[in-house]
Amino acid sequence: MAGVVLEHVTKRFGNVVAVNDANFEIKDKEFMVLVGPSGCGKSTTLRMVAGLEEITEGNIYIGDVLVNDIPPKDRDIAMVFQNYALYPHMDVYNNMAFGLKLRKFPRAEIDRRVKEAARMLGIENLLDRKPKALSGGQRQRVAVGRAIVRDPKVFLMDEPLSNLDAKLRVQMRAELSKLHARLQTTTIYVTHDQTEAMTMGDRICVMKDGFIQQIGAPLEIYDNPVNVFVAGFIGTPPMNFINVVLKKEGDDYYVDGKAFKLKIDRERAYQIKNIGAYVDKEVILGIRPENIRDGKIHPGTEDNSFVATVDVTEPMGSEVIVYFSKGEAQFVGRLDPQTEARDGGEHPVTFNMQKIHLFDKDTELVIK
């Protein structure tokens, strides 16, 4: 096994900078997820680690070895692609065995590895089938199995679940997590799905426009986003952002949204060391939907609640997603399933002011 280190890695396509000065380390046995919207540079980063794209600047190490000039076949990595990339004329057994045959492994060793991987993935009964006779989930298992038999230093996975339906995606997500716990192979996993990132990664690297925005454990990024982009990208529904003016009255801080005024919890205000520099300035209030609650079921005080207009309700069974508006502000709450909020009506809401974030209006960076 081995870790992976990127030192000041940049990739340009002509005048377009796809990846800009990427610096991070994936530790040995770690499951690192690269996440971000389409075109953010995450797949390009993965392909540079694989050797499928040449780097423009910087260094990449796998283990202690500088791999900039080492061809993909000699990097001891295995890649799982979005489109499975199976050989249509070969059965499952030979698809999984092909890489080992190229490397002149003994026939008995090939047979042992293929059958062990097939047993691990529950595809022993599919070894004599061709890819066209397999479902999407089965093809994905074969693609993963082909990577497993290699016993590489690093697994590279490029959106491997994006072609599967929602139910199968959830199932395969759990299976890949169990597989990593069993194999303990260093894994770099690319996805645009923040749910996959949150549930699978030991750490997450959030990217945007070729730049790394934040790296950290899933809950660390969820609870302490560094900017508006990360705060809005991680979480479903995304964090609410409301333009407000920060006010101070005595020892207390308030956010004034014109149509409502809320007091920031004192402990939370104390945690924001630089809060005093933003008094009487416009800032962005960030609050997650689960921190906006039904004011009838969870009554607040006049300092943390008000009545808002219900625009749309989306019953989800275990909760109701409710879209509210108040003056110029629009926000989403995750309410109890027994809520009485109805489309077009008025309903009280309570904000958990211990869980808010404040962002600089100009830089969009979190105010610390």
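Worth saying up front: this structure is predicted, and the values here are computed from it rather than measured. (Residues numbered from 1 in each chain as written. Predicted model: local features only at pLDDT ≥ 70, side-chain atom pairs only at ≥ 80, totals over all residues. Heavy atoms only, no water.)

Visitor: Pulling in residues and values, what's your account of the nonpolar core?
Guide: Judged by nonpolar contacts, the single largest core of 47 residues is most densely connected at Val35, Met96, Val114, Leu176, Tyr189, Val206 and Ile234. Ranked by residues supplied to this core, first place goes to helix α3 (residues 107–121) with six residues. Once residues within four sequence positions are removed from consideration, isoleucine 234 is found in contact with Val35, Gln194, Met198, Val206, Ile221, Tyr222 and Arg288. Residues Leu285, Ala329, Leu335 and Ile367 belong to the second largest nonpolar core, which totals 32 residues. (Core = buried A, V, L, I, M, F, W, Y, C linked by side-chain atoms within 4.5 Å. Buried < 20%, exposed > 50% of the residue type's maximum accessible area, 1.4 Å probe, protein only. Helix = DSSP H or I, 4+ residues; strand = E, 2+ residues; numbered from the N terminus. Contact = heavy atoms within 4.5 Å.)

Visitor: Describe the packing of aromatic side chains, naming the residues involved and giving the relevant values.
Guide: Two measures describe an aromatic ring pair: the distance that separates the ring centres and the angle between the ring planes. A full pass over the atoms with the stated rule returns nine aromatic pairs. Between tyrosine 87 and phenylalanine 98, the aromatic rings sit 4.9 Å apart at their centres with planes inclined by 65°, giving edge-to-face as the arrangement. Residue tyrosine 87 is found in the loop between β6 (77–80) and α2 (92–102), and its partner phenylalanine 98 is found in helix α2; the two are separated by eleven residues along the sequence. Exposure remark for tyrosine 87: the relative accessible area of 32% places this residue in the partly exposed category. Relative to phenylalanine 233, the ring of phenylalanine 229 has its centre 5.6 Å away and its plane inclined at 20°; by these criteria the two rings are stacked. In this pair, phenylalanine 229 and phenylalanine 233 are both assigned in helix α8 (residues 228–233), four residues apart and thus about one turn of the helix distant. Residues phenylalanine 229 and phenylalanine 233 agree in their burial class; the two are buried. (Phe/Tyr/Trp six-rings, centres within 6.5 Å; stacked < 30°, edge-to-face > 60°.)

Visitor: Hey, could you go over the pattern of salt bridges for me, with residue numbers and the actual values?
Guide: On inspection of all chains with the given rule, the structure shows 18 salt bridges. Where arginine 112 meets glutamate 116, a salt bridge forms, and the shortest distance between an N and an O atom there is 2.9 Å. Taken together, the positions of arginine 112 and glutamate 116, both in helix α3 and four residues apart, correspond to about one turn of that helix. Judged by its relative accessible area of 43%, arginine 112 falls in the partly exposed class. (Salt bridge = Lys/Arg side-chain N within 4 Å of Asp/Glu carboxyl O.)

Visitor: So, the packing of α2 against helix α4 (residues 136–148): which residues are in play, and what are the values?
Guide: The contact between α2 and α4 brings their axes to 8 Å, and the two run at 30°. When the interaxial angle is binned, α2 and α4 end up roughly parallel. Crossing of α2 over α4 shows right-handed handedness. Residues Val92, Asn95 and Met96 of α2 lie in contact with α4, whose contacting residues are Val142, Gly145 and Arg146. (Axes fitted to C-alpha atoms, helices over the stretch in contact; angles between N-to-C directions. Parallel < 35°, antiparallel > 145°, perpendicular 65-115°, else oblique. Left-handed = near helix turned anticlockwise from the far one by under 90°.)

Visitor: Please give an account of the sheet that holds strand β13 (residues 261–263) that cites residues and values.
Guide: A sheet is described by the order of its strands in space; here five strands give the open sequence β13-β12-β11-β14-β20, paired in antiparallel fashion. Either end of the sheet is taken by a strand with one partner, and the two such strands are β13 and β20 (357–360). Pairwise comparison of adjacent strand axes, ignoring direction, gives a mean angle of 40° for this sheet. Bridge analysis of strand β12 (residues 252–256) against β13 gives three bridges, and the strand direction is antiparallel. Along β13, the bridge assignment pairs aspartate 256 with lysine 261. (Pairing = 2+ DSSP bridges.)

Fair warning: the whole summary comes from geometry, so function is off the table for now.
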